[in-house]
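# Understanding the architecture of this molecule
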Amino acid sequence: MGGKLKVDILTLFPQFFDSIFNYSILKRACDADILDVNIFDLREYTTDRHHQADDYRFGGGAGMLLKPEPIFRAFKNIIPDVKPKPLIIYPTPQGIPFNQDVADELSKETHLVFLCGHYKGVDQRVIERWVDREYSLGDYVLTGGEIAAAVMVDSAVRMIPGVLGDIDSALDDSFRHNLLDCPHYTRPENLNGLSVPGVLLSGHHRNIALWRKITAQFLTKKRRPELNKK
Ligand code: ADE
């Protein structure tokens, strides 16, 4: 059994996460006390009558920003004043690329805090004062940081020992050894004339391993040639 991960998420849309942590592997991780998730509603840290969390950008232009004061207030409440400090992550298209290596690294932490941005993002002073890491899922823009935070938590949690039933199933995932995963088959052997590659039924373990390696290399070269060069 590995470590335990505490995840705090600060968001304008707390309900977004209801379903994410209530199904399948993430739910099992919570039930097994491997994962401890706390969702914080950013609006609760506003002080005005309308609970306004966003504001116009200085300099003009379309799109609002999340105001800094509620976020400062929230972090001062959420983040314990003791060491070790949690790692504060801000998902943003301006971040460095999130990949399997980052997921592995995050799975070894004990406390992660995610700040979910919206609209044009957050006031830069929030990033300078609080944020340790900015990660991007890819070269596209999402409506908010919630989906990105959920992806990052999911991919990190599944790497914590004890979360997946069979840890071997993570060891030969896509992106291990800079390769995409090979195709897989299950029963029946013949599906209305669609058959399974014979080698997989042969019981010959060395040939099966070789077939999987070759098909993974072929697929990687065809679809993701840049992975091959890493
Ligand atoms: N928020 C909006 N777009 C994003 C992206 N591509 N990656 C991470 N966070 C985001």
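See above for the structure.
The paragraphs below set out a description of the structure included in this document.

Criteria and thresholds
Residues numbered from 1 in each chain as written. Predicted model: local features only at pLDDT ≥ 70, side-chain atom pairs only at ≥ 80, totals over all residues. Heavy atoms only, no water. Disulfide = S-S within 2.5 Å. Buried < 20%, exposed > 50% of the residue type's maximum accessible area, 1.4 Å probe, protein only. Core = buried A, V, L, I, M, F, W, Y, C linked by side-chain atoms within 4.5 Å. Helix = DSSP H or I, 4+ residues; strand = E, 2+ residues; numbered from the N terminus. Contact = heavy atoms within 4.5 Å. Near = heavy atom within 4 Å. Polar contact = N/O pair within 3.5 Å; in protein donor to acceptor, adjacent residues only side chain to side chain. Areas by Shrake-Rupley, 256 points an atom, 1.4 Å probe, with all protein chains shown as cover. Nonpolar A, V, L, I, M, F, W, Y, C, P; charged D, E, K, R; others polar.

## Things to note about the state of the cysteines
A full pass over the atoms with the stated rule returns zero disulfides. No disulfide involves Cys30; its sulfur sits 16 Å from that of Cys116, the nearest cysteine. On the basis of relative accessible area, Cys30 is assigned to the partly exposed category, the value being 22%.

## What to know about the nonpolar core
One finds Leu35, Ile89, Leu106, Phe114 and Val157 to be the most contacted residues of the largest nonpolar core, which totals 28 residues. Every element with two or more residues in this core is listed here: strand E1 (5-11), helix H2 (24-31), strand E5 (87-97), helix H4 (100-107), strand E6 (111-115) and helix H6 (145-157). In terms of residue count, H6 provides more of this core than any other element does, seven residues in total. Ignoring any residue separated from it by four or fewer positions in sequence, one finds Leu35 in contact with Leu5, Val7, Phe21, Leu26, Ala29, Cys30 and Val157. One finds Leu66, Ile88, Val113 and Leu115 within the second-largest nonpolar core, a separate group that totals 20 residues.

## Observations regarding the site of the ligand
All residues adjacent to the ligand are Pro91, Thr92, Pro93, Tyr135, Ser136, Leu137, Gly138, Tyr140, Val141, Leu142, Gly144 and Ala148. At 2.9 Å from a nitrogen atom of the ligand is found a main-chain nitrogen or oxygen belonging to Leu137. The contact in question runs from a nitrogen atom of the ligand to an N or O atom on the backbone of Gly138, over 3.2 Å. Relative to its unbound accessible area of 260 Å², the ligand is 96% covered by the protein chains. Top contributing element to the shell around the ligand by residue count: E5, with three residues. Of the residues that constitute the shell around the ligand, the class distribution is eight nonpolar, four polar and no charged.

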